[in-house]
Amino acid sequence: MGANTSQLSDLSESQSIRALIGPDAISENEPFWNQLISFTFTSPTCSADAKLLEDAVVPLAKTLIQNNPRSGNFRALVRVFLSRTKELKISTECQDQLFIWQAHNALFLVRCLLKVFIREMSEEELHLQFSHQERAPGTYDSICEDLLEELVSNLVHLIVEVPLLDITYNILFEAVTTLLVLLSYQLFHKEVLREGLIYGYLTRGRCLSLTSRLVKTLLYNFIRQEKCPPAAQVLQTQTDGGGLLYGLASGVASGLWSVFTLGGVGSRPGAELDQNTHPLSNQSLLLLLVLANLTDGADCPNPYRQAVTCFKNTQDSSSIPSPQPHTFQINFNSLYTALYEQQKSDQVTLLLYTLLHQNSNMRTYILSRTDMENLVLPILEILYHVEERNSHHVYMALIILLILTEDDTFNRSIHEVMLKNISWYTERVLTEISLGSLLILVVIRTIQFNMTRTRDKYLHTNCLAALANMSAQFRNLHQYAAQRIISLFALLSKKHNKVLEQATQSLHGPLGADDRSVLPDYAQDLNVIEEVIRMMLEIINSCLSNSLHHNPNLLYGLLYKRELFEQFRSHPSFQDIMQNLDTVIGFFSQRLEQAGSDLSVERVQEVIKKGAAALPKERLKKFPELKFKYVEEEQPEDFFVPYVWSLVFNSAVGLCWSSQGIELFSMDSP
């Protein structure tokens with residue numbers, strides 16, 4: 001790392017920094033500003049460096065908060081940045097690296113200071129820091145330029161208008177990061193914010209007309225996965241006798257320089273290097289998720305959610321105009337590829353969920369793909385490693401599967417896709433298995449993990465709903481998948497008997513006894529475990545009723561473990577659903593008896609296959625089709641806003657917040 005703690009402590013001794021935060025006003029036209037923003041650095045991208053920088057900036061920013069109402073130096077710094085943004089597009093076309101470099105440096109200073117300001121003051125007080133004049137909070141000069149809105153608007157314009165090149169990568173990253181910082185007021189409020197100055201600027205102000213372009217740009221930043229260019233390639237400016245670079249030569253900002261040469265992408269250890277090699281992509285995705293999860297205003301819906309909901313494929317040649325505002329077109333093939341290639345982090349899984357749930361065009365496209373295994377396998381791997389994932393990530397992955405299983409074509413096609421040697425599935429060697437059978441294995445494993453560890457009813461319900469949606473389309477289940485279905489029922493049966501025994505003991509115990517058996521947390525009472533058992537029976541029954549002849553392995557498992565089901569035959573909660581299982585078990589048991597004793601496995605399977613074709617379907621009672629549809633709960637923002645901001649808190653590149661003062665979520669959240 002290029003700077004240590006002692007060098008960072010020297011930051012407050014920098015003459016330029018002391019002048020910036022001091023009480024004396026510095027006109028925005030003075031050479032001081034060129035001097036201040038002429039330094040070379042690589043923005044910190046690892047959390048350790050970001051924390052060192054934060055610790056160094058906080059006391060300086062607090063001093064500026066005290067002096068800025070008199071000096072107006074923060075306002076002047078913002079105007080210095082804004083004056084340079086007007087020429088950024090031309091500078092990019094002319095390859096004017098010096099101009100872009102200085103604009104970037106000015107924005108970096110603004111962002112670092114803003115981050116502290118937002119932690120220390122309300123939006124009203126922040127607005128006063130931009131307006132320079134001392135006023136009581138809540139009073140504004142109507143003829144005064146709104147510099148805060150000007151900054152927000154310019155940042156959005158910068159993101160959508162400046163092309164992504166090596167020389168613009170860092171300033172685009174800073175623009176996205178600064179918008180995240182401006183929206184970070186949410187971190188310091190327990191309740192979900194539904195109004196505010198910055199909220200208004202982005203959803204009703206001058207930025208509104210750029211909504212679709214901003215969402216499209218952020219999506220393409222995610223799709224492109226551009227790596228951060230090495231610093232040496234970004235700035236290779238030649239100068240004639242110093243000019244604007246004299247700040248470097250004179251070393252005026254030496255303290256500042258020390259901070260900003262904190263090790264960049266090339267000097268970080270491997271683990272964090274893997275996470276942050278695509279900082280613009282990561283930050284753009286986080287900003288997109290934050291914007292899409294802003295709440296609807298009192299008088300207008302969230303325009304960013306509207307844009308996410310209605311964008312179309314560039315291949316869509318339909319001339320019918322969309323009734324939705326903020327619509328645009330994007331390459332669905334590129335987006336689909338990025339979604340499955342990057343399907344490792346919470347934020348990418350959350351983006352996939354958002355698109356599947358809210359954008360019908362994207363959902364239709366995904367379900368029409370003939371390479372669905374590319375998308376489904378990473379989701380299954382997330383669920384398979386449930387022990388290593390936070391609960392929110394597991395929920396999102398599971399709900400994605402539930403949404404996919406609402407489609408019958410998906411449920412049929414996954415049994416036609418054959419996979420070989422799934423390396424991450426380590427419980428058993430699977431040399432060849434269908435995608436459908438693997439999906440069943442992973443969902444059942446998640447249920448069993450939940451029963452023994454987390455005991456989360458919500459997780460249970462969604463797992464069973466996904467299996468139920470698939471059950472009528474089960475085809476040629478792998479022997480191991482069929483075995484695990486029966487094993488899960490055996491586990492549930494065992495739990496049922498245990499709960500029943502505990503409940504009986506509790507009822508017959510002495511009144512007032514303190515040692516009564518407590519029902520397991522995952523069930524609480526007998527009704528819950530019986531609901532789960534009934535659902536499993538309905539899943540098995542759905543498979544037998546709709547695709548009996550396609551599932552000899554499941555039939556084999558039922559016959560092999562037929563005694564498991566006997567105790568439920570006369571149970572009032574299961575009598576109706578048990579009729580079909582009794583019919584099937586009785587029919588095949590009779591056939592096996594007729595075939596003789598000491599039958600080999602192969603002979604049993606042969607009898608089952610022939611019997612499946614001979615069993616009259618009319619002997620099986622008809623039940624309503626098992627279909628479950630995912631519906632978001634009321635006020636979904638109560639779940640998604642804290643979740644999204646926890647992702648920003650934990651994985652935003654180069655941003656470090658102290659846990660003190662964070663109100664939106666507990667610090668053990670994902």
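About the cut-offs
- Residues numbered from 1 in each chain as written.
- Predicted model: local features only at pLDDT ≥ 70, side-chain atom pairs only at ≥ 80, totals over all residues.
- Heavy atoms only, no water.
- Helix = DSSP H or I, 4+ residues; strand = E, 2+ residues; numbered from the N terminus.
- Buried < 20%, exposed > 50% of the residue type's maximum accessible area, 1.4 Å probe, protein only.
- Contact = heavy atoms within 4.5 Å.
- Areas by Shrake-Rupley, 256 points an atom, 1.4 Å probe, with all protein chains shown as cover.
- Phe/Tyr/Trp six-rings, centres within 6.5 Å; stacked < 30°, edge-to-face > 60°.
- Lys NZ or Arg CZ within 6 Å of the ring centre and 35° of its normal.
- 1 Å grid on protein atoms, 1.4 Å probe; cavity = no way out; pocket = protein on both sides within 12 Å on 5 of 7 lines; lining within 4 Å.
- Points joined across faces, edges and corners; volume = space filled by probe spheres on them.
- Nonpolar A, V, L, I, M, F, W, Y, C, P; charged D, E, K, R; others polar.
- Salt bridge = Lys/Arg side-chain N within 4 Å of Asp/Glu carboxyl O.
- Core = buried A, V, L, I, M, F, W, Y, C linked by side-chain atoms within 4.5 Å.
- Expected span 1.5 Å × (residues − 1).
- Polar contact = N/O pair within 3.5 Å; in protein donor to acceptor, adjacent residues only side chain to side chain.
- Axes fitted to C-alpha atoms, helices over the stretch in contact; angles between N-to-C directions.
- Left-handed = near helix turned anticlockwise from the far one by under 90°.
- Parallel < 35°, antiparallel > 145°, perpendicular 65-115°, else oblique.
- pLDDT = per-residue confidence, 0-100.

### Looking at the overall build of the chain
Right, so step 1: The secondary structure content of the chain amounts to 33 helices and 4 strands.
Right, so step 2: Out of the 670 residues in the chain, the part that is buried amounts to 55%.
Right, so step 3: Considering only contacts within the chain whose residues lie at least 6 apart along the sequence, 75% involve residues at least 24 apart.
Right, so step 4: Carbon and sulfur atoms form 49% of the exposed surface of the chain, whose accessible area is close to 28,900 Å².

### What about the packing of aromatic side chains?
Right, so step 1: Summed over all chains, the structure comprises 23 aromatic pairs.
Right, so step 2: Seen in terms of ring centroids, Y336 and Y340 are 5.4 Å apart; in terms of plane orientation they differ by 70 degrees. Their pairing is edge-to-face. Residue Y336 and its partner Y340 are both found in helix α19 (residues 332–341); the two are separated by 4 residues, about one turn of the helix.
Right, so step 3: By relative accessible area, which is 0% here, Y336 ends up buried.
Right, so step 4: Between Y353 and F640, the aromatic rings sit 5.4 Å apart at their centres with planes inclined by 15 degrees, giving stacked as the arrangement. Here Y353 is found in helix α20 (residues 346–358), whereas its partner F640 is found in helix α33 (residues 637–651), with 287 residues between them in sequence.
Right, so step 5: Pairwise contacts between aromatic rings join F311, F328, F332, Y336, Y340 and Y365 into one cluster.
Right, so step 6: In this arrangement the basic side chain of R445 is found over the ring face of Y384, its NZ or CZ atom lying 4.2 Å from the centre.

### Re empty space enclosed by the protein
Right, so step 1: On inspection of all chains with the given rule, the structure shows 4 cavities of 30 Å³ or more.
Right, so step 2: Approximately 80 Å³ is the volume attributed to the second largest cavity.
Right, so step 3: A50, L53, E54, V57, R111, C112, K115, G654, L655 and C656 are the residues that line the second largest cavity.
Right, so step 4: When residues of the lining of the second largest cavity are assigned to their parent elements, the largest contribution, 4 residues, is made by helix α4 (residues 47–71).
Right, so step 5: For the lining of the second largest cavity, a count of residues per class yields 6 nonpolar, 1 polar and 3 charged.

### Notes on the pattern of salt bridges
Right, so step 1: If you walk through the whole model with that rule in mind, you get 20 salt bridges.
Right, so step 2: Here R445 ties to E387 by a salt bridge, and the two come within 3.2 Å at their closest N and O atoms. Here R445, found in helix α25 (residues 435–454), pairs with E387, found in the loop between α22 (373–384) and α23 (391–404); they are 58 residues apart in sequence, far enough to count as distant.
Right, so step 3: The salt bridge involving R603 is made with E606; its shortest N-O contact spans 3.5 Å. On the criterion of helical spacing, the pair formed by R603 and E606 is a turn pair, its members being 3 residues apart in helix α32 (residues 601–614).
Right, so step 4: What you see here is one network of salt bridges that share partners, running through E387, E427 and R445.

### Observations regarding the nonpolar core
Nonpolar side chains in soluble globular proteins tend to be buried together.
Right, so step 1: Counting 217 residues, the largest nonpolar core has L126, L339, Y425, L438, F565, F588 and W645 as its most contacted members.
Right, so step 2: In terms of residues, this core owes the most to one element, helix α7 (residues 97–120), which gives 13 residues.
Right, so step 3: Among residues more than four places away in sequence, those in contact with F565 are I486, F489, L537, I540, L558, M578, L581 and I585.

### Section: unusual backbone geometry
Right, so step 1: Not every positive phi belongs to a glycine, and H326 is a case in point at roughly 65 degrees.
Right, so step 2: At Q635, a residue that is not glycine, the phi angle is positive and equals roughly 50 degrees.

### Some remarks on helix α9 (residues 147–161)
Residues separated by three or four positions in an α-helix point in the same direction, a consequence of the helix having 3.6 residues per turn.
Right, so step 1: Taking 1.5 Å of rise per residue, the 15 residues of α9 would be expected to cover 21 Å, and the 20 Å separating its terminal C-alpha atoms lies within 8% of that figure.
Right, so step 2: The backbone nitrogen of L148 has a side-chain oxygen 3.3 Å away, supplied by the residue at the start of α9, namely D146.

### Remarks on the packing of helix α12 (residues 211–224) against helix α17 (residues 279–292)
Right, so step 1: As a packed pair, α12 and α17 sit with axes 8 Å apart at the nearest point and diverge in direction by 140 degrees. The crossing of α12 and α17 is left-handed. Residues L214, V215, L218, L219, N221 and F222 of α12 touch α17, and the partners they reach there are L280, S281, S284, L285, L287, L288 and L291.
Right, so step 2: Here the residues of the contact of α12 with α17 are counted per class, giving 10 nonpolar, 3 polar and no charged.

### Digging into the side chain of S71
Right, so step 1: As for its placement among the helices and strands, S71 is situated in helix α4.
Right, so step 2: Within the structure, S71 has its side chain in polar contact with the backbone nitrogen of N73 (distance 3.2 Å).

### Observations regarding the environment of N29
Right, so step 1: Within the fold, N29 resides in the loop between α2 (15–21) and α3 (32–36).
Right, so step 2: When the C-alpha positions of N29 and V80 are compared, they lie 8.4 Å apart, and in sequence the two are 51 residues distant.

### Here's the deal with α33
Right, so step 1: Compared with an ideal rise of 1.5 Å per residue, which puts 15 residues at 21 Å, α33 spans 20 Å between its outermost C-alpha atoms and is within 8% of the ideal.
Right, so step 2: Among the 15 residues that make up α33, 11 are buried, leaving the element largely enclosed by the rest of the structure.
Right, so step 3: Among the residues of α33, E637, F640, V641, P642, Y643, V644, W645, S646, L647, V648 and F649 are the ones counted as buried.
Right, so step 4: Contacts made by the buried residues of α33 are with α10 (169–182), α17, α20 and α23.

### Structural notes on the packing of α20 against helix α21 (residues 360–368)
Right, so step 1: Between α20 and α21, the least distance of the axes is 6 Å, while the angle of their chain directions is 105 degrees. Taken as axis vectors, α20 and α21 run roughly perpendicular relative to one another. Between α20, through L352, L355, L356, H357 and Q358, and α21, the contact on the second element is made entirely by S360, M362, R363 and I366.
Right, so step 2: Per-class residue counts for the contact of α20 with α21 are 5 nonpolar, 3 polar and 1 charged.

### Topic: the environment of K494
Right, so step 1: Mapped onto the elements of the fold, K494 is located in helix α27 (residues 479–508).
Right, so step 2: For K494, a relative accessible area of 63% gives the class exposed.
Right, so step 3: Residues K494 and L564 lie 70 residues apart in sequence; the distance between their C-alpha atoms is 9.4 Å.

### A short note on the environment of N580
Right, so step 1: Mapping N580 onto the fold places it in helix α31 (residues 575–595).
Right, so step 2: The contact partners of N580, leaving out residues within four places of it in the chain, are N541, S545, R619, L620, K621 and F623.
Right, so step 3: Among the polar contacts listed, one links the side chain of N580 to the side chain of N541, at a separation of 2.8 Å.

### Topic: the confidence of the model for the chain
Right, so step 1: For the chain, the average pLDDT comes to 84, and 85% of its residues sit at 70 or higher.
Right, so step 2: Scored below 50 in pLDDT, residues 513–517 makes 7 contacts in the model with residues more than four places away or belonging to other chains.
Right, so step 3: Counting interchain partners and residues more than four positions distant, the pLDDT-below-50 stretch residues 519–523 has 16 contacts.

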